[in-house]
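Residue-level structure breakdown
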Amino acid sequence: MTIDTTRGADTIRDADRSFLFVLGSSRSDGNTEILARAAAQQLPPGVPQRWVDLAHLPLPDFQDGRHETDTWSAGEYEETLRQATLEATDIVIASPLYWYTLSAQTKRYLDYWSGWLTVSGSDFAERMAGRTLWGVSVMSADDEAVGDGLVTTLNNSAAYMRMRFGGVLFGNGSRPGQVRNDERAALRAKTFFQQEAPVALFP
């Protein structure tokens, strides 16, 4: 992995980027996925993209074993997700706004980060530092301030992991496909992944 020191420490050159899109909706081909794919279409050719739909991944609820004596044995799907996370330079959380924050599926995925941090011999924290976390979310409300809780969750998660945070691409829509009518979101999607992602800091 090549580091471009002219753009700040731990900035990864475009040629070395790889994206993991984590879909956290309970509905396939929902508004949030539509918006995420619109933004992904603007990535340079050759930049790897991997898409994981959490609704179709039989991942059990996370069990916190940090204070248990037995060793936690990761299942096949958990290990696949962990490897996909570690192989990406940019992780995109695509979650609709559910009750002013992330969906249950998405929150479960982030809960698993806690386990990956504490596995004996894990270098998860070291490998995640310097990578970039992004968000994509579609809501029915017009006021994007309604999504502040989702933004805070992602920003603070990135800050804890010493990652960069590229912000959240918001769109408006409720009925299936309605986000396609959001011209402002479509315009933002064209340049969303081109913007500089600063190091995440706690408020």
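Here the residue numbers are simple positions, counted from 1 along each chain's written sequence. Under the rules for a predicted model, residues below a pLDDT of 70 receive no local features and side-chain atom pairs below 80 are neither given nor counted, while totals for whole chains, interfaces and linings still include all residues. Calculated side-chain values reflect all of the structure's heavy atoms, with hydrogen atoms and water omitted.

**Some points on empty space enclosed by the protein**
- A pocket, in this scheme, is an open set of points on a 1 Å grid over the protein atoms alone with protein on both sides within 12 Å along at least 5 of 7 lines, while a cavity is a set where a 1.4 Å probe fits but cannot get out; residues line either one if an atom lies within 4 Å of a point. Grid points are joined across faces, edges and corners, and a volume is the space filled by probe spheres set on the points. Tallied over the full model, the rule gives one cavity of 30 Å³ or more.
- Roughly 50 Å³ of volume is contained in the largest cavity.
- In terms of lining, the largest cavity is formed by L23, G24, S25, R27, S28, T32, E33, D53 and A94.
- Classifying every residue of the lining of the largest cavity gives two nonpolar, four polar and three charged. Under the scheme applied here, ten amino acids are nonpolar (Ala, Val, Leu, Ile, Met, Phe, Trp, Tyr, Cys and Pro), four are charged (Asp, Glu, Lys and Arg), and all others, including Gly, are polar.

**Details of the side chain of T89**
- Within the secondary structure layout, T89 lies in the loop between α2 (76–87) and β3 (90–94).
- Of the polar contacts made by the side chain of T89, one reaches the side chain of D90; its length is 2.6 Å. The helix count covers DSSP runs of H or I at least four residues long, the strand count covers runs of E at least two residues long, and both are numbered beginning at the N terminus. Contacts described as polar in this section are N or O atom pairs within 3.5 Å, which, within protein, must combine one atom able to donate a hydrogen with one able to accept it, while residues neighboring in sequence count only if both atoms come from side chains.

**Quick notes on the pairing of β3**
- The classification of residues rests on relative accessible area computed with a 1.4 Å probe and restricted to protein chains. Under 20% of the type maximum is buried, over 50% is exposed, and intermediate values are partly exposed. Taken across its five residues, β3 has five buried, putting it largely inside the fold.
- Of the two faces of β3, the one carrying D90, V92 and A94 and the one carrying I91 and I93 are both buried.
- One requirement defines pairing of two strands: DSSP has to find at least two bridges between them. Examined bridge by bridge, strand β1 (residues 19–23) and β3 share five bridges and lie parallel to one another. Its bridge partner being in β3, V22 is matched across the sheet by I93.

**Description of the packing of aromatic side chains**
- For this analysis, a ring pair means two rings from Phe, Tyr or Trp (six-membered ring only for Trp) whose centres lie within 6.5 Å, classed as stacked if their planes differ by under 30 degrees, edge-to-face if by over 60, and tilted for the remaining angles. For the structure shown, the criterion picks out 13 aromatic pairs.
- With a centroid separation of 6.3 Å and an interplanar angle of 75 degrees, the aromatic rings of Y109 and W116 are classed as edge-to-face. Each of the two residues, Y109 as well as W116, counts as buried.
- For the ring pair W134 and F192, a centre distance of 5.2 Å and an interplane angle of 65 degrees mean the geometry is edge-to-face. Here F192 lies in the segment after α6 (183–189) and W134 lies in strand β4 (residues 132–139), a separation of 58 residues in the sequence.
- Members of the aromatic cluster, joined through ring pairs, are F19, F21, W51, W134, F192 and F193.

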